[in-house]
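# Architecture and fold: a report
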Amino acid sequence: MSDPTGRKAVAAVWRIDSARIIGALTRYTGDFALAEDLAQEALAEALVTWPREGVPNNPAGWLLTVGRRRAIDTFRRRSTRDEKYAALAHHLSEGGALTGATDPAPAPDDVLWDPDQIDDDTLALVFTSCHPVLSREAAVAMTLRVIGGLTSDEIARAFLVPTATVQARITRAKKTLGAANVPFEVPPAEERPRRLAQVLSVIYLIFTEGSSASSGDEVMRLDLAGEAQRLARILSRLMPAEPEAHSLLALLELTAARFPARRGPDGETVLLEDQDRRRWDRSAIARGRAALAKATDAGRGYGYYGLQAAIAECHALAPSVQETDWNRIVLLYEALGRLAPSPVVDLNRAVAVSMARGPEAALPIVEELAGTDAFAHSHQLPGVRGELLRRLGRVEEARSALQEAVRLCGNERERAVLTRKLAAL
């Protein structure tokens, strides 16, 4: 009889340990695409075997052993009884079930001996999944698949795209990596800062989509945001000397701390000024501040994510919107704008200026942005402009701006907030 706990165990082990399993298989085979396929085959076998025969004592080692055996079968089918086959075979003990169903005797280099251990295979896998030769969409899909352990269906649901689209992105990504002969390795020290930027960007993009869903009827996708936080924790532990890795983790923790207060009883969006700050996650704030302190200890000054984390810390420490240190936030946004100029940064700076110095000081910044096409298809700029005009008493102009924001907004919950503002006028 099938045991449902077996399937739950498979899902749990895969989510936690898939990255190290795929990393180890890539190291053994020298082929990233093959390793990912072998790991999926081992997962499929576990879904059949564990519910029937019980969960093995070393579940991750079981999956790795099955993956290795499948690798040997693959090389046999390819008629390549050469050094690759020998290199793989010598890692396997004699005997045991052919499928790997019998819990194998632990080998010295079998993965997942220590659930907290993070090795170079995982770090190499992170850099491979986020390699610059991949498109942003492909890198996100690969990262969630091989590091996060998400299925194609889960990734598709998170980004509201068909499963076939996700599968196609992953397939293209593996082909691209193969065609470019991307080595499975931790980049040399001199290359890591440049390559790290892509890794941080991919994780941040995943979190951004989870924390502020661009479409659909949910304001947040907590599973997606939580996965990004987990990836950031892994990266900060893999690269403890990189301040921006700690800064990204700080930003994600401090931002996620506000999640419990961002939704009302019916799932509606609750704006920052209306949030019950007693519901903010104080443990997440403490973790975020600790991560930011590690970045500060590096002594290099705040980078792109460090400045944003410092802004998030200002919000986290303030007892109310009125008591927030808006002047410091303005300065931090100005520094961020010099470091990484962006229309989004300018718009956020305008909001901070409006709180520190009044809407009349902020409106020229917004009007200048409105003269560009940076927000041509976004509701953000007309939403901010409408709020500033409302505070200045220019009701008709505010109404027109908010109507434009409602038209452009793709998220139903955020659209409802804008509609309420419009109705109040």
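Here, every reference points to the structure presented above.
Counting starts from 1 at the beginning of each chain's written sequence and moves along it residue by residue. Per-residue local features are limited, in this predicted model, to residues with pLDDT of at least 70; the limit for side-chain atom pairs, both in listing and counting, is 80 or more; totals at the level of whole chains, interfaces and linings are taken over all residues. In computing side-chain properties, one takes all heavy atoms of the structure into account and sets aside hydrogens as well as water.

## Details of helix α5 (residues 120-129)
Burial status follows relative accessibility: with a 1.4 Å probe on protein chains alone, a residue under 20% of its type maximum counts as buried, one over 50% as exposed, and anything between as partly exposed. By definition, any uninterrupted DSSP run of H or I lasting at least four residues is a helix, any uninterrupted run of E lasting at least two residues is a strand, and each is numbered from the N terminus. Burial analysis of α5 places nine of its ten residues in the buried class, which makes it a mostly covered element. Among the residues making up α5, those that are buried are D121, T122, L123, A124, L125, V126, F127, T128 and S129.

## Looking at empty space enclosed by the protein
Residues are called lining when one of their atoms sits within 4 Å of a cavity or pocket point, these points coming from a 1 Å grid over the protein atoms alone, where a cavity is a set in which a 1.4 Å probe fits but cannot get out and a pocket is an open set with protein on both sides within 12 Å along at least five of seven lines. Grid points are joined across faces, edges and corners, and a volume is the space filled by probe spheres set on the points. Using the criterion set out here, one finds one cavity of 30 Å³ or more in the structure. When its volume is computed, the largest cavity comes out at roughly 40 Å³. Residue lining of the largest cavity: V126, C130, T143, I147, V199, I203, L231 and L235, and that is the complete set. Sorting the residues of the lining of the largest cavity by element identifies α6 (136-147), α9 (192-211) and α10 (222-238) as the ones contributing at least two each.

## Points about helix α16 (residues 359-370)
Within an α-helix, residues lying three or four positions from one another point in the same direction, as the helix has 3.6 residues per turn. Multiplying one less than the number of residues by 1.5 Å gives the expected span of a helix. In a regular helix each residue adds 1.5 Å, so twelve residues correspond to 16 Å; α16 covers 16 Å between its end C-alpha atoms and thus fits that length. What α16 keeps buried is the set P359, A362, L363, I365, V366 and L369. All buried residues of α16 fall inside an arc of 165° around its axis, so they share one side. On its buried side, α16 packs onto α15 (343-357) and α17 (380-391). Picture the helix axis, draw a direction to every C-beta atom, and the arc is the one those directions span. Residue contacts follow a heavy-atom distance rule, with two residues in contact if any of their heavy atoms lie within 4.5 Å.

## A closer look at the packing of aromatic side chains
For this analysis, a ring pair means two rings from Phe, Tyr or Trp (six-membered ring only for Trp) whose centres lie within 6.5 Å, classed as stacked if their planes differ by under 30 degrees, edge-to-face if by over 60, and tilted for the remaining angles. One pass over the full model with this rule turns up four aromatic pairs. Ring centres of F207 and F259 lie 6.0 Å apart, and the angle between their planes is 15°; on these two criteria the pair is classed as stacked. Taken together, the residues F207 in helix α9 and F259 in the loop between α11 (243-256) and α12 (282-297) connect sequence positions 52 residues apart. On the basis of relative accessible area, F207 is assigned to the buried category, the value being 2%.

## Here's the deal with the packing of α5 against α9
In contact at an axis separation of 9 Å, α5 and α9 are set at 70° when each is read in the N-to-C sense. On the basis of their axis angle, the class for α5 and α9 is roughly perpendicular. Residues V126, F127 and T128 of α5 lie in contact with α9, whose contacting residues are R192, R195, L196 and V199. Its residues placed into classes, the contact of α5 with α9 shows four nonpolar, one polar and two charged. For helices, the axis comes from a line fit to the C-alpha atoms of the stretch in contact; other axes are also lines fit to C-alpha atoms, and the angle between any two N-to-C directions lies between 0 and 180 degrees. Orientation categories follow fixed angle ranges, with anything under 35 degrees roughly parallel, anything over 145 roughly antiparallel, 65 to 115 roughly perpendicular, and all other angles oblique. Charged means Asp, Glu, Lys or Arg here, nonpolar means Ala, Val, Leu, Ile, Met, Phe, Trp, Tyr, Cys or Pro, and polar covers whatever is left, Gly included.

## So, the environment of Q167
Counting through the fold element by element, Q167 comes out in helix α8 (residues 163-179). The spacing of Q167 and A141 is 26 residues in sequence and 8.6 Å in space, taken between C-alpha atoms.

## Comments concerning the side chain of H131
Mapped onto the elements of the fold, H131 is located in the loop between α5 and α6. Note on H131: relative accessible area 13%, which makes it buried.

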